[in-house]
Amino acid sequence: MKPGIDKEKVVNIEERIPKIKEQRKQKANRRLITFILLFFTMMLIIIYLQTPISKVSKVEIKGNKNVSKEQIISLSSIHKGQTEFWSLSKQKAAEKIEQNKLIKKAEISKQLPNKIAISIEEYKSIAFLQKHNVYYSVLENGTVLPEEVTPTDIGPTLNNWEEDEKLVQMAKQLNKLSDSVKKSISEINYTPQKSNPWLIKLYMNDGYIVTASLKTFGQKMNSYPAIVKELPKGEKGIIHMEVATYFEPLKKTDESKKGDGN
C-alpha cells in the first residue's frame, strides 16, 4: 500500500477515538440515569403501598333509592381505609352489587388519588300490586317492594296476582309497552280459565275492557290506540286480543232490564 494512504487511515482512526469514547460515556450515563429512575420509582411504589394514601379514602354513591348506601358498600366489599385503591377490580365489584335484585346496573370509577365513585341504576316501578286493599310497587323485573305505597299514574293496578312467575311475566310484558299505552291502563286482573290459564282482563281509563293472553300482551297491546280509533264513537265494549283481535259491544243496562221485564 502507498505510504500516503496508510498515514491518512491512521489519522482518521485517531480522530474518531475521542468521539467513540464520548458516545460510550453518554450511553453509560443514560444507563445510570435509567437505573436511578427505576430505583426511585420502585422506592416510591413501596412507600406508597405502605402509607394510608394507597387505601380507598372515600366511597361516593349516587342513583340509589330503594337500596341503602350501607347495603351497596357491603355488597361491593369496598371499605374506606382498608381496600387497596389500585388493585381494586371495578368489574368484580360491580357484579357483586348487581346481585341485589333491586339493582339493574352498577358502574364503578376510580378518581385520583384514592376516591371511588359508584353509580347505581335501580329497576323502575312499573305497576302496583293490590293485596288486601293495600298497594305495593312492582318493579320491572317483577320484584315487589315490601313498603306500602299510594298508586300513581306510572302504571296500572294488578289484582288477583300472586308473587310468582306469572307476576314476573306480567312485569316483563308491561315493560314492552310505550309509556302512553301503559298509562292508559287502569287495572289488570288475572282471570285464568281451564282452557286458557294465561287469560288477563284489562280495564282502560277510556272505558274499554281488553281481554288478552299474558304471553302476547306486550306485543299486541301497543296497537291499542290504533284499534280504538277504528271503533264506533261512543260505543263501549270489550276488545278481544287473545288470538284474533275483534270488538264486542257491551249491551246497555236499560235494554237488559227491558228484556228481563218482557
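Located above this text is the structure these notes cover.
Quick summary incoming for the structure in this document. (Residues numbered from 1 in each chain as written. Predicted model: local features only at pLDDT ≥ 70, side-chain atom pairs only at ≥ 80, totals over all residues. Heavy atoms only, no water.)

As a further point, take the overall build of the protein chain. In terms of regular secondary structure, the protein chain is built from eight helices and twelve strands. Taking all 262 residues of the protein chain together, the buried fraction comes to 32%. The long-range share in the protein chain, meaning contacts at least 24 apart out of those at least 6 apart in sequence, stands at 47%. Carbon and sulfur atoms make up 54% of the accessible area of the protein chain, which amounts to about 17700 Å² in all. (Helix = DSSP H or I, 4+ residues; strand = E, 2+ residues; numbered from the N terminus. Buried < 20%, exposed > 50% of the residue type's maximum accessible area, 1.4 Å probe, protein only. Contact = heavy atoms within 4.5 Å. Areas by Shrake-Rupley, 256 points an atom, 1.4 Å probe, with all protein chains shown as cover.)

What follows deals with the nonpolar core. Where a protein is soluble and globular, its nonpolar side chains tend to be buried together. Formed by 33 residues in total, the largest nonpolar core has its most connected members in Trp161, Ile188, Ile200, Leu202, Phe217 and Met221. If you list the elements that add at least two residues to this core, you get β4 (125-131), β5 (134-139), α4 (165-174), β8 (185-190), β9 (199-204), β10 (209-213) and α7 (224-229). Looking at this core element by element, the count peaks at four residues for α4. Apart from the residues within four sequence positions on either side, isoleucine 188 is in contact with Pro156, Thr157, Leu158, Asn159, Trp161, Met170, Leu174, Ile200, Lys201, Leu202 and Phe217. With 19 residues, the next largest nonpolar core counts Ile61, Ala106, Leu139 and Leu145 among its residues. (Core = buried A, V, L, I, M, F, W, Y, C linked by side-chain atoms within 4.5 Å.)

Turning to a positive patch on the surface, a few remarks are in order. Positive charge collects at one region of the surface, where Arg24, Lys27, Arg30 and Arg31 lie side by side. Mapped onto the elements of the fold, lysine 27 is located in helix α1 (residues 3-49). (Patch = residues over 30% accessible without salt bridge, like charges linked within 9 Å, V, L, I, M, F, W, Y side chains within 5 Å. Salt bridge = Lys/Arg side-chain N within 4 Å of Asp/Glu carboxyl O. Lys, Arg positive; Asp, Glu negative; His and termini not counted. Charge placed at Lys NZ, Arg CZ, Asp CG, Glu CD.)

When helix α3 (residues 90-97) is considered as a whole, its buried residues turn out to be Ala93, Ala94 and Ile97. Down the axis, α3 shows its buried residues gathered within 100° of arc, on one side only. In this structure, α3 carries Gln91 and Lys92 as exposed residues pointing more than 90 degrees from its buried face. The inward-facing, buried residues of α3 contact α2 (69-76), β2 (103-111) and β3 (115-122). (Arc of directions from axis to C-beta.)

Both β5 and strand β6 (residues 144-149) contribute to a ladder of three bridges, which runs antiparallel. Bridge pairing in β6 places tyrosine 136 opposite glutamate 148. Linking β5 back to β6 in an antiparallel pair, the connection comprises four residues, with glycine 142 at a positive phi of about 90°. (Pairing = 2+ DSSP bridges.)

Here we come to the pairing of β3. Sheet topology note: the strand β1 (residues 58-62)/β3 ladder contains five bridges and is parallel. Across the sheet, residue lysine 62 finds its bridge partner in β3, namely serine 119. By the bridge criterion, eight bridges tie β2 to β3 in an arrangement that is antiparallel. Paired with glutamine 111 across the two strands is lysine 115, which belongs to β3. In sequence, β2 turns back onto β3 through a hairpin of three residues.

So, on to the packing of aromatic side chains. Counting across every chain of the model gives three aromatic pairs. Centroid distance tyrosine 208 to phenylalanine 247: 6.2 Å. Interplanar angle 70°. Geometry classified as edge-to-face. With tyrosine 208 in the loop between β9 and β10 and phenylalanine 247 in strand β12 (residues 246-249), the pair connects residues that are 39 residues apart, well separated along the chain. Sitting over the ring of phenylalanine 85, lysine 110 keeps its end group 5.6 Å from the ring centre. Over the aromatic face of tryptophan 198 sits the side chain of lysine 166, whose NZ or CZ is 4.7 Å from the ring centroid. (Phe/Tyr/Trp six-rings, centres within 6.5 Å; stacked < 30°, edge-to-face > 60°. Lys NZ or Arg CZ within 6 Å of the ring centre and 35° of its normal.)

Locating glutamate 122 in the fold gives a position in strand β3. Buried within the structure, glutamate 122 lacks any salt-bridge partner; its nearest side chain of opposite charge belongs to lysine 65, at an N-O separation of 7.1 Å. Here lysine 65 takes part through its backbone nitrogen, which lies 2.7 Å from a polar atom of the side chain of glutamate 122. In this view, glutamate 122 contacts Gly63, Asn64, Lys65, Asn66, Val67, Leu102, Ile103, Lys104 and Glu140; residues no more than four positions away in its chain are not counted. (Polar contact = N/O pair within 3.5 Å; in protein donor to acceptor, adjacent residues only side chain to side chain.)

By the element assignment, serine 213 lies in strand β10. A residue is classified by how much of its surface remains accessible, and serine 213, at 10% relative accessible area, is buried. Look past the residues within four positions of serine 213 in its chain and what remains in contact with it is Trp198 and Glu242.

Attention now moves to a nonpolar patch on the surface. A cluster of nonpolar side chains, Leu32, Phe35 and Ile36, forms an exposed patch at the surface whose accessible area comes to about 310 Å². Along the chain, the position of isoleucine 36 falls in helix α1. Relative accessible area serves as the criterion here: at 36%, isoleucine 36 is assigned to the partly exposed category.

Our next topic: the sheet that holds strand β7 (residues 157-159). Ordered by their spatial adjacency, nine strands build an open sheet running β6-β5-β4-β7-β8-β9-β10-β11-β12, and the pairing between neighbours is mixed. Every other strand in the sheet has two partners, leaving β6 and β12 as the edge strands with one partner each. Averaged over neighbouring strand pairs, the angle between their axes works out to 25° when direction is ignored. Examined bridge by bridge, β4 and β5 share six bridges and lie antiparallel to one another. Residue pairing across strands places glutamine 130 opposite tyrosine 135, the latter belonging to β5. (Axes fitted to C-alpha atoms, helices over the stretch in contact; angles between N-to-C directions.)

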